[in-house]
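# Chain and residue survey
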Amino acid sequence: IWCATDQRASNSCGSEKKCLILHPEKNYRERIMMKRMIVGLILAIAPISMAFAQGVEGKWKLSDGTAIVEVYKVGDDYNGKIVWLKNPTEADGTPAIDDKNPDKKLRSRKLIGLNMLSGLKKSKKGYSGGTIYDPGNGKTYNCSMKVEGDVLKVRGSLDKRGFLGRTMDWHRVK
């Protein structure tokens, strides 16, 4: 028979062993300490995991430094518009426009405010199923992206699976 204290006792076999049943108040203190340690660990890890799990929403500077695109969410879709240009005006001082657009009616649109990312949906690997418009050549490509810390990997491709294309690194603007 085991004792109810933290003393030595003998079991039914006759050998002496340390009593395994702790005082109720000692057991309570250990549970409280364990809960505090778990809460402390969660609070210590939470900021680190949040840094790695940053979302795609926000401002991103293109790797060549020519533009900043603001990614925003509308419903379930993620879109992106140009909010800053290194060269916001043409040589004559007029605002830069979408002059390479294949639709002649859209060629007078200002580049600042132009929606160049559209229809991206959150997926297991990042964001996919959308399009990216390149005002430099007037073409629209399939698009997918994923966040890696403060870098947004933007892939524009001719095919929906992303095999024929290129990936650009955009950097988070803080």
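Throughout what follows, the structure given in this document is the object of discussion.

### Brief notes about the overall build of the protein chain
A tally of regular secondary structure across the protein chain gives 1 helix and 10 strands. Helices (α) and strands (β) of the protein chain occur, in sequence order from the N terminus, as β-β-α-β-β-β-β-β-β-β-β. The buried share among the 174 residues of the protein chain stands at 26%. Nonlocal contacts in the protein chain, meaning residues at least 24 apart in sequence, comprise 33% of its contacts between residues at least 6 apart. A total accessible area of about 12100 Å² is found for the protein chain, and carbon and sulfur atoms account for 58% of it.

### With respect to the pairing of strand S7 (residues 126-134)
Looking at chain direction, strand S6 (residues 115-123) and S7 are connected through 5 bridges and run antiparallel. Bridging across to S7, Lys121 finds its partner in Ser128. Hairpin geometry of S6 and S7 is characterised by an intervening segment of 2 residues between the two adjacent antiparallel strands. With antiparallel pairing between neighbouring strands as the criterion, S7 and strand S8 (residues 139-148) make up a hairpin whose turn holds 4 residues, including Gly138 at a positive phi of roughly 75 degrees.

### Section: the nonpolar core
The nonpolar side chains of a soluble globular protein tend to be buried with one another. Ranked by size, the top nonpolar core spans 24 residues in total, and within it Leu117, Ile132, Met145, Val154 and Trp170 carry the most contacts. Mapped by element, the contributors of at least two residues to this core are strand S4 (67-74), strand S5 (77-85), S6, S7, S8, strand S9 (151-157) and strand S10 (165-172).

### A short note on the pattern of salt bridges
Enumeration according to the criterion identifies 7 salt bridges in this entry. In this structure, Asp150 engages Lys174 in a salt bridge whose closest nitrogen and oxygen atoms are separated by 2.7 Å. With a gap of 24 residues between them, Asp150 in the loop between S8 and S9 and Lys174 in the segment after S10 connect regions that are remote in the sequence. Asp169 is the partner of Lys153 in a salt bridge, and the nearest nitrogen-oxygen pair spans 3.0 Å. Of this pair, Lys153 sits in strand S9 while Asp169 sits in strand S10; the two residues are 16 residues apart in sequence, bridging distant segments of the chain.

### A few points about the packing of aromatic side chains
This model, assessed by the stated rule, comprises 1 aromatic pair. Aromatic side chains Tyr78 and Tyr127 sit 4.9 Å apart centroid to centroid with 70 degrees between the ring planes, which places their arrangement in the edge-to-face category. Taken as a pair, Tyr78 in strand S5 and Tyr127 in strand S7 lie far apart in primary sequence, 49 residues in all. Owing to a relative accessible area of 6%, Tyr127 belongs among the buried residues under this scheme. A cation over a ring is seen here: Lys81 above Tyr72, with NZ or CZ 5.8 Å from the ring centre. Sitting above the plane of the Tyr133 ring, Arg109 keeps its charged end 5.9 Å from the centroid.

Conventions we followed
- Residues numbered from 1 in each chain as written.
- Predicted model: local features only at pLDDT ≥ 70, side-chain atom pairs only at ≥ 80, totals over all residues.
- Heavy atoms only, no water.
- Helix = DSSP H or I, 4+ residues; strand = E, 2+ residues; numbered from the N terminus.
- Buried < 20%, exposed > 50% of the residue type's maximum accessible area, 1.4 Å probe, protein only.
- Contact = heavy atoms within 4.5 Å.
- Areas by Shrake-Rupley, 256 points an atom, 1.4 Å probe, with all protein chains shown as cover.
- Pairing = 2+ DSSP bridges.
- Core = buried A, V, L, I, M, F, W, Y, C linked by side-chain atoms within 4.5 Å.
- Salt bridge = Lys/Arg side-chain N within 4 Å of Asp/Glu carboxyl O.
- Phe/Tyr/Trp six-rings, centres within 6.5 Å; stacked < 30°, edge-to-face > 60°.
- Lys NZ or Arg CZ within 6 Å of the ring centre and 35° of its normal.

These figures come from the coordinates and say nothing about function on their own.
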